[in-house]
Amino acid sequence: VPGRALVAVGVVVALWCAAFAAVSVWFELTNYFGTGRYAGDETAISVVNWFVAVLKLVGVVLALLAVHPRLVAPRTVGTLLWAAFATLTVYVVGSITQALAMLAGIAGDADEVDAWSVTYMVAFMIAAAGFGILATSHARRAGLGTRIKVIGAFGAPLVLGSVLVILPAILRAMGLLSTS
């Protein structure tokens, strides 16, 4: 049975996911991408935004399942927790790499690495750490082996690939996303 500290981590991670899902909903309600440099791709961005919002809501449920044993098979929860942890960790490492490349003048504009982007990255680091704590604790409590952890970790390229490669390719093929 999870202790109070672990339950607190689960609740904080669930709230983090819910807050980020709320941002996605806010984007849609305010037509955030309907103007400016992304206006031409508004429909495609909306599709991706809703897809990511659903992933964030899955994160809410997953964080709560991590601290409420026996609602779903422990192997399933464990696999998904390791997938969430790996996905956020890979995203953070990739974003840090991108920021360093920008600051070094290798790619992009160093001026885009500002206090807001650093805060955003710290928030994702906290979420990754939270999912890491939940995944590790759940695996220990449920007696899950390395196999489940590895299978879950392979979820990272699947999730990130679906958001960053597969979904945009489908939207591009449908004529909803520009090639620029």
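Residues numbered from 1 in each chain as written. Predicted model: local features only at pLDDT ≥ 70, side-chain atom pairs only at ≥ 80, totals over all residues. Heavy atoms only, no water.

(A) Here's a closer look at the overall build of the chain. In terms of regular secondary structure, the chain is built from six helices and zero strands. Starting at the N terminus, the α and β elements of the chain follow one another as α-α-α-α-α-α. Accessible area for the chain stands at about 10500 Å²; split by element, carbon and sulfur atoms hold 72% of it. The chain carries 10 positive and 7 negative side-chain charges, and their two centres are separated by 30 Å. (Helix = DSSP H or I, 4+ residues; strand = E, 2+ residues; numbered from the N terminus. Areas by Shrake-Rupley, 256 points an atom, 1.4 Å probe, with all protein chains shown as cover. Lys, Arg positive; Asp, Glu negative; His and termini not counted. Charge placed at Lys NZ, Arg CZ, Asp CG, Glu CD.)

(B) A look at the packing of aromatic side chains. Throughout the structure, instances matching the rule amount to 13 aromatic pairs. A centroid spacing of 5.1 Å and a plane angle of 65 degrees characterise the contact between Phe27 and Phe33, whose relative ring orientation is edge-to-face. For the pair formed by Phe27 and Phe33, the shared burial category is buried. The interplanar angle of 75 degrees and the centroid separation of 5.7 Å between the aromatic rings of Trp82 and Phe85 together place this pair among those described as edge-to-face. Residue Trp82 and its partner Phe85 are both found in helix H3 (residues 74-103); the two are separated by three residues, about one turn of the helix. Overall, Trp82 belongs to the buried group, its relative accessible area being 13%. Through a chain of ring-to-ring contacts, the aromatic side chains of Trp16, Phe20, Tyr91, Tyr120 and Phe124 assemble into a single cluster. (Phe/Tyr/Trp six-rings, centres within 6.5 Å; stacked < 30°, edge-to-face > 60°. Buried < 20%, exposed > 50% of the residue type's maximum accessible area, 1.4 Å probe, protein only.)

(C) Expanded view of unusual backbone geometry. Located in the positive-phi region is Asn31, a residue other than glycine, with phi close to 55 degrees. Given a relative accessible area of 39%, Asn31 falls into the partly exposed group.

(D) The arrangement of the nonpolar core in detail. Ranked by size, the top nonpolar core spans 29 residues in total, and within it Trp16, Leu81, Leu88, Phe131 and Leu134 carry the most contacts. Mapped onto this core, the elements with two or more residues apiece are helix H1 (4-29), helix H2 (42-67), H3 and helix H4 (115-142). Residue contributions to this core peak at nine residues, all from H4. Not counting residues within four places of it along the chain, the set of residues in contact with Leu81 comprises Leu62, Ala66, Phe131, Leu134, Ala135 and His138. (Core = buried A, V, L, I, M, F, W, Y, C linked by side-chain atoms within 4.5 Å. Contact = heavy atoms within 4.5 Å.)

(E) Spotlight on the packing of H2 against helix H6 (residues 155-173). Relative orientation of the contacting elements H2 and H6 amounts to 155 degrees, with a least axis distance of 10 Å. The angle between the axes of H2 and H6 places the two elements in the roughly antiparallel class. In this structure, H2 crosses over H6, and the sense of that crossing is right-handed. Contacts from Ala44, Val47, Val48, Phe51, Val52 and Leu55 of H2 reach H6 at Val159, Ser162, Val163, Leu167 and Leu171. A per-class count over the contact of H2 with H6 returns 10 nonpolar, one polar and no charged. (Axes fitted to C-alpha atoms, helices over the stretch in contact; angles between N-to-C directions. Parallel < 35°, antiparallel > 145°, perpendicular 65-115°, else oblique. Left-handed = near helix turned anticlockwise from the far one by under 90°. Nonpolar A, V, L, I, M, F, W, Y, C, P; charged D, E, K, R; others polar.)

(F) Broad picture of a nonpolar patch on the surface. On the surface, Ile96, Leu100, Leu103, Val118, Val122, Met125 and Ile126 cluster together into a nonpolar patch covering about 620 Å² of accessible area. Breaking the nonpolar patch down by element, the ones donating at least two residues are H3 and H4. A per-element tally of the nonpolar patch places H4 first, with four residues. According to the relative accessible area criterion, Met125 is partly exposed, its value standing at 40%. (Patch = residues over 30% accessible without salt bridge, like charges linked within 9 Å, V, L, I, M, F, W, Y side chains within 5 Å. Salt bridge = Lys/Arg side-chain N within 4 Å of Asp/Glu carboxyl O.)

(G) Representation of the packing of H3 against helix H5 (residues 146-153). Relative to each other, H3 and H5 sit at 50 degrees, their axes nearing to 7 Å. When the axes of H3 and H5 are compared, the pair comes out oblique. The two elements H3 and H5 meet at a crossing, and its hand is right-handed. Side by side, H3 and H5 meet where Arg75, Gly78, Thr79, Trp82, Ala83 and Ala86 of the first sit next to Arg147, Ile148, Lys149, Ile151, Gly152 and Ala153 of the second. Of the residues in the contact of H3 with H5, the class split is six nonpolar, three polar and three charged.

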